[in-house]
Every structure is written in C-alpha cells, then in structure tokens.
Amino acid sequence: MNLKDFFNQANKEHWAIGHFNVSNLELLKAVVEAAKEGGSPVMIGTSEGEREWLGLKSAVGLVKAYKEDWPNIFLNADHTKSAEVAFDAVDAGYDSIHFDGSTLSLKENIDETRRAVRYAKSKNKDISVEGELGYLKGDSQLTNKKIAITPDDYTKPEEALKFVNETGVDRLAIVIGNIHGINSDEPELDFEILEAIRKIVPKHVSLVLHAGSGIPDVDIKKAISLGISNVHISTELRVLFRDGLEKQLKDNPKEYALYRLEKEVVGSIKELIREKMRLFGCIGKVH
Ligand code: G3H
Ligand code: ZN
C-alpha cells in the first residue's frame, strides 16, 4: 500500500497516521522499529533544517534501506517553504511533500502550492502532497514562552475549501489552536472549527494536526474522532533524546563508544512513539 492508500483507510476507519520528525539515525531507528513492532504505517518527517543536516540523498537512502525490512514507512519533506526546495525533495525521491506557504497571502499560497503539487505529481504519481493554511506559531522547542494566538490565525473553513480545490493537495495542515513546541500554556483546540473544516473540505483530502507535542491525549483523541488523520510530533522526541543522552553521559563518564549509551535512549524514544501510536489508533493497521 502507498501513503494515499493508508490515508484512505485511516479516514474511513477514523484513526491517524503518526508523523515523527528525525534529524539523526537514532531518532530514525526509534521511529522505524516502533512502527515495525506495532504493525503500523508511519511518516518520517524532516524539516528544511533537519534534511539539510541529514542530506537529502542520505535521508532517502536510509529510508530506502529500512523499507526493505518494513515497507510501510514514508519520508516527508516537512514545512517546505519554497517550491524550488520542494522540487529538490521530489527529485531526491521523497514519498511526500509538505509545502508550507502559510506566511504568504492566500493567493500566493495557492499559486505556489499548486506549483509544488503539479511538479510533484508529474514526477511521481504516488506522491502525497500537503498544503497549509492558517498561521501556525511556535518552534519545536521546550520553552517558557507564552504564545498568544488570535482567531485570525485559525484556518478559515471557506478559505480551506477554495485552497484545496485550487491546489489539488492530498492533505491540508490546519490551525485550530495548535502551537509548535511545548510552551507555557497548554494548547486549546477549537473543535468547532475542526468540524466546520471537515464538513466543507472534500473527504479525499486528509486533515493534518501539526504541533502534536503538549496537546493532551483526550484532545488528540477527540480531534481524530472529528476527522484528523495525521498527527505530527517532534518536540517530545527532541526532549527525550537530549535529556536521555545527558543522563547517560553523566552516569557513564568513562564510556566513549556512544552507541552503547544511545541504545537505552533509543529504547525510551521507541516507547514514547509506541504510546503515541496507541493513542492515534494506528497499531496493527498493516495487514
Ligand atoms: O511538523 C512538525 C510538527 O508539527 C511538530 O510539532 O514539535 O509541537 O510536536 P511539535
Ligand atoms: Zn509542523
């Protein structure tokens, strides 16, 4: 099954595919092993910064190698801010593109997203393309910041319909109170807006909830029941990796073969991913 098939299944059965960001082999290993052990499809995200660090070819090559063992993993070029950078990811062999034109005007966002969709589909008929509408604030960091969001930042249902019709995206990232990172206040999701968006946007377009870190489990569950079929998580993995590694280094001052210390850290990240997968309802969905 390709990514679109899994999204069709998820939309029909009301569960969500997990999307986990990685910037190194350790995080990638944790995601792939958790997905394989859980019998789940999974998306592996690399933001522009993460894929610059990994290298486009290396990211594609690593995922290709892991696919031999568990084919249900899909590499996404997350938060791609320009069409040209999206083209590079398509050419490198990514399975999915997230074109993020959310800082552009609606017209420019539509024009640039459409350009990314056309290019991607002309090169790979199985590729899945996501667009974004609304002002999604914050960074994938642990902070004490208070991030204020206003109703104007939210995705507007009428604009969402126009956007998906005119761009041809397969997925739409929406803003309903979600904020990237773990910040001082717990994010509060506006479920009425989610319902209105799901009602107006055609069923074949999947709705994506970014900024999943820090959103209470009950709210994630409710969002999935109302039509979210893809949830992004990054900050929680970053925090666990950094804190876990720091503890290992402190506890083992004479160990220089770092992979030995990383084993335990990867194990705890895998456990977190498994918990998220249980929450998303995607365990055992690969038959
Ligand atoms: O695209 C990445 C995600 O939206 C990650 O958000 O760091 O809040 O989990 P997060
Ligand atoms: Zn995001």
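As a reminder, the structure under discussion sits directly above these lines.
Thresholds, definitions, all that
Residues numbered from 1 in each chain as written. Chains lettered and ligands numbered in written order. Predicted model: local features only at pLDDT ≥ 70, side-chain atom pairs only at ≥ 80, totals over all residues. Heavy atoms only, no water. Phe/Tyr/Trp six-rings, centres within 6.5 Å; stacked < 30°, edge-to-face > 60°. Helix = DSSP H or I, 4+ residues; strand = E, 2+ residues; numbered from the N terminus. Buried < 20%, exposed > 50% of the residue type's maximum accessible area, 1.4 Å probe, protein only. Near = heavy atom within 4 Å. Polar contact = N/O pair within 3.5 Å; in protein donor to acceptor, adjacent residues only side chain to side chain. Areas by Shrake-Rupley, 256 points an atom, 1.4 Å probe, with all protein chains shown as cover. Donors = N, O, S within 2.8 Å, 3.2 Å for Na, K, Ca; no water. Pairing = 2+ DSSP bridges. Right-handed = clockwise from strand over helix to strand, strands pointing away. Contact = heavy atoms within 4.5 Å. Salt bridge = Lys/Arg side-chain N within 4 Å of Asp/Glu carboxyl O. Axes fitted to C-alpha atoms, helices over the stretch in contact; angles between N-to-C directions. Parallel < 35°, antiparallel > 145°, perpendicular 65-115°, else oblique. Left-handed = near helix turned anticlockwise from the far one by under 90°. Nonpolar A, V, L, I, M, F, W, Y, C, P; charged D, E, K, R; others polar. Core = buried A, V, L, I, M, F, W, Y, C linked by side-chain atoms within 4.5 Å.

With respect to the packing of aromatic side chains
- Scanning all chains against the criterion turns up 3 aromatic pairs.
- For the ring pair Phe20 and Phe280, a centre distance of 6.4 Å and an interplane angle of 20 degrees mean the geometry is stacked. Taken together, the residues Phe20 in strand β1 (residues 17–21) and Phe280 in helix α11 (residues 258–280) connect sequence positions 260 residues apart. Grouping residues by exposure puts Phe20 and Phe280 together as buried.

Quick word on the site of ligand 1
- Around ligand 1 sit 14 residues, and of these Asp78, Ser140, Ala211, Ser213 and Thr235 come closest.
- In the model, an oxygen atom of ligand 1 is placed 2.9 Å from a nitrogen or oxygen of the His180 side chain.
- Within the backbone of Ser234, one N or O atom sits 2.8 Å away from an oxygen atom of ligand 1.
- Bound to the protein, ligand 1 loses 98% of the 300 Å² it would expose on its own.

Overview of the coordination of the zinc ion (ligand 2)
- Summarising the metal site, the zinc ion (ligand 2) is bound by the protein donors His79 (NE2), His180 (NE2) and His210 (ND1), whose distances to it range over 2.0 to 2.2 Å.
- In primary sequence terms, the donor set of the zinc ion (ligand 2) follows H-x100-H-x29-H. One end of the pair, His180, is in the loop between β6 (171–174) and α8 (191–200); the other, His210, is in the loop between β7 (206–209) and α9 (217–225), and 30 residues separate them in sequence. Like His180, the residue His210 is buried in the burial classification.

Side note on the pairing of β1
- The buried fraction of β1 amounts to 5 of the 5 residues, a majority that puts the element mostly inside the structure.
- Here β1 shows a buried face lined by Ile17, His19 and Asn21 and a second buried face lined by Gly18 and Phe20.
- As paired strands, β1 and strand β8 (residues 228–233) are joined by 4 bridges and run parallel to one another. Counted as the bridge partner of Gly18 is Val231 from β8.
- Each parallel crossover has a hand, and the one from β1 via helix α2 (residues 25–38) to strand β2 (residues 42–46) is right-handed.

With respect to the environment of Leu279
- In this fold, Leu279 is placed in helix α11.
- In this structure the C-alpha to C-alpha distance between Leu279 and Ser234, which are 45 residues apart in sequence, comes to 16 Å.
- Among residues more than four places away in sequence, those in contact with Leu279 are Asp217, Ile220, Lys221 and Ile224.

So, the pattern of salt bridges
- Per the counting criterion, the structure on display carries 25 salt bridges.
- For Lys270, the salt bridge identified is with Glu33, shortest N-O distance 3.0 Å. With Lys270 in helix α11 and Glu33 in helix α2, the pair connects residues that are 237 residues apart, well separated along the chain.
- The residue Asp185 makes a salt bridge to Lys146 at a minimum N-O spacing of 2.7 Å. Note that Asp185 is positioned in the loop between β6 and α8 and Lys146 in the loop between β5 (128–133) and α7 (157–167), a separation of 39 residues in sequence.
- According to the relative accessible area criterion, Asp185 is partly exposed, its value standing at 39%.
- Each member of the salt-bridge network shares a partner with another, and the members are Lys29, Glu33, Glu37, Lys270 and Arg274.

Focus on the packing of α2 against α11
- Closest axis-to-axis distance for the α2/α11 pair is 8 Å, and the angle between their directions is 50 degrees. For the element pair α2 / α11, the angle class is oblique. Considering only the axes of α2 and α11, their crossing is right-handed. Residues Glu26, Leu27, Ala30, Val31, Glu33, Ala34, Ala35, Glu37 and Gly38 of α2 pack against Glu262, Val266, Ile269, Lys270, Ile273, Arg274 and Met277 of α11.
- Residue composition of the contact of α2 with α11, by class: 9 nonpolar, 1 polar and 6 charged.

With respect to the sheet that holds β6
- One closed barrel holds the 8 strands; their spatial order is β1-β2-β3-β4-β5-β6-β7-β8, and the pairing between them is parallel. Between one strand and the next, the sheet's axes are offset by a mean angle of 25 degrees, whatever the strand orientation.
- Two strands pair when backbone bridges link them, and β7 and β8 are joined in this way by 3 bridges, in the parallel orientation. Along β8, the bridge assignment pairs Val208 with Asn230.

Description of the nonpolar core
- If you look at the biggest cluster of nonpolar residues, it comprises 84 residues, and the most contacted ones within it are Phe20, Ile44, Ile97, Leu172, Leu194, Ile273 and Phe280.
- If one sorts the elements of this core by residue count, α11 sits on top with 8 residues.
- What Ile44 contacts, discounting residues up to four positions off in sequence, is His19, Phe20, Val22, Leu28, Val31, Val32, Val63, Ile73, Phe74, Leu75 and Asn76.

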